[in-house]
Each structure stands twice: as C-alpha cells, then as structure tokens.
Amino acid sequence: MTIERGQDWGGPAPPDTVDCIASSDAQLRGIVEDNWPSEVAMPVVGLTGGDLWTALGAPSGGDQRLQSVDARQVSIDVAEIQLGDHQHIAVAHSFFLTSWWMGPITAVMNSEWRGRWRVAPRAHPNDGWLDLVAGDLPLRQRLLARQRLVTGDHLPNSALRTERVKQFSQEFLRPTRAILDGMDEGLHHAVSLKVVPDALTVVY
C-alpha cells in the first residue's frame, strides 16, 4: 500500500529476506525488467547504491547492513514506460531531451535525486505519483538552475512546468533521447508512461 501523509514507511526487514542485491538504479531496473510481467512474485532486492538508495537516506554498511538489525524493508513504485514497440521500467527517473544545454528537457522522477541534483524535492518513491519537471530554459537560466539543483532551490520557477502525474504521454517535435535510470535508450518520437504502485520490495 502506498504511503499516506504522516504514516511511517516500511519497517524492519526480517532475516534472510533479500533474494538479490543491486548497487545501482540500472541494476535494480534490470532485475525488475527481467521479472516483468511475471506470474511469480518479484524478488526482494537489497539496495546498496544509486539515486533511489539516496532517496532512502543513503545508509552506510553495504551488503552487511542488509543482514543486520538495522535493515529496513519498504515498498517501491516504478514507472512503466512505452518507447516505440518496447516496454521499459524506470525505478528512479526518466529524462527526455535532445541536449542538456539546449532544447526542451522533460524529467519524470520517482526519486527526488539524480546524482548530486535534487531535481524533484517533493518526489517520494512510494506515494503512487511521479513528479514531472519540464522546460526549455535559455542557456544563462539553465546554468543558474544547474547550480541550484544541488539544493532543490531551482523550484519554483515560472519557466518550468511542474506537476504530479500518474500517467504521462508526449509526442516530440524531433527525435528525442530517452535516458532511463541513467541508461541511454536511444532516440524516440513519443513516450507514454504510468506509475505502478507497490511494484517491488526493497531492503536497505
């Protein structure tokens, strides 16, 4: 069940809960895609790195923490994404752009973080929503926003569209690059996506 405002999220992880371990968003995404869709239960994944892990507080301890009394277990939403004839999953974020320096950029965030950038400060990976940030800033404003991304102070900005969505679709005026959880998925003319609540369980 997705988290409600004011509720505690998750709880202690029982011993020997973890089926496999991912140390990055890309690894976690690969595990989810390998088991999607499936008649069997999604494996419980121990997470030790990546932007989703940062959103969980970036706890130290690595693999050893996952078997300790400090380990916690939470449900995670994912984005189910259609690009052309192929279906993909994103666990942390999706970016659609022609260049980081010019042209429109659309970010669809499940985690608030992309590396050192706090792209969507309100994003939560288990609230049943995805956070969209989109715009086409001039270069000078883009450089300023890049500096403020570290703290999340780039928002609010009247030149940026911000919205919480459960589904989203867009046709691009020109072929646009899709970057899912840091992985380049090539150029596309359109995208459609939706949030899938409580898609997997993560231990951290």
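The structure this text deals with has already been given above.
Please read these numbers as outputs of a predicted model, since none were measured by experiment. (Residues numbered from 1 in each chain as written. Predicted model: local features only at pLDDT ≥ 70, side-chain atom pairs only at ≥ 80, totals over all residues. Heavy atoms only, no water.)

Asks: An account of the pairing of strand β5 (residues 86–90) is needed here, citing residue identities and associated values.
Replies: In the sheet, strand β4 (residues 72–83) pairs with β5 via 5 bridges, with the strands oriented antiparallel. Paired with I81 across the bridge in β5 is H88. (Pairing = 2+ DSSP bridges. Helix = DSSP H or I, 4+ residues; strand = E, 2+ residues; numbered from the N terminus.)

Asks: I'd like to hear about the environment of E171, residue by residue, with values.
Replies: As for its placement among the helices and strands, E171 is situated in strand β12 (residues 167–180). On the basis of relative accessibility, which here comes to 70%, the residue E171 falls in the exposed class. Taking the C-alpha atoms as reference points, E171 and A190, separated by 19 residues in sequence, lie 4.2 Å from one another. With residues up to four places along the chain from it excluded, the contact list for E171 reads H189 and A190. (Buried < 20%, exposed > 50% of the residue type's maximum accessible area, 1.4 Å probe, protein only. Contact = heavy atoms within 4.5 Å.)

Asks: Could you give me a rundown of the nonpolar core, with the residues and numbers involved?
Replies: The biggest cluster of nonpolar side chains holds 22 residues, and the ones touching the most others in it are L28, L47, V91, L200 and V202. Mapped by element, the contributors of at least two residues to this core are α1 (25–34), β3 (45–47), α2 (51–55), β4 and β13 (183–203). Per-element accounting of this core gives the leading share, 4 residues, to β13. Among residues more than four places away in sequence, those in contact with V202 are L28, V45, L47, L56, R72, Q73, V74 and I76. Listed in part, the 17 residues of the second largest apolar core include I81, A90, A178 and L193. (Core = buried A, V, L, I, M, F, W, Y, C linked by side-chain atoms within 4.5 Å.)

Asks: Give me unusual backbone geometry: which residues, what numbers.
Replies: Excluding glycine, most residues fall at negative phi; most peptide bonds, likewise, are trans. Here the residue pair W36 and P37 is connected by a cis peptide bond, since its omega of -20 degrees sits within 30 degrees of zero. Along the chain, P37 turns up in the loop between α1 and β3. In this model, L155 is joined to P156 through a cis peptide bond whose omega is 0 degrees. Considering the arrangement of structural elements, one finds P156 in the loop between α4 (139–148) and β11 (161–165). Positive phi is not limited to glycine here, since D16 has a value of about 60 degrees.

Coordinates in, geometry out; function isn't part of it.
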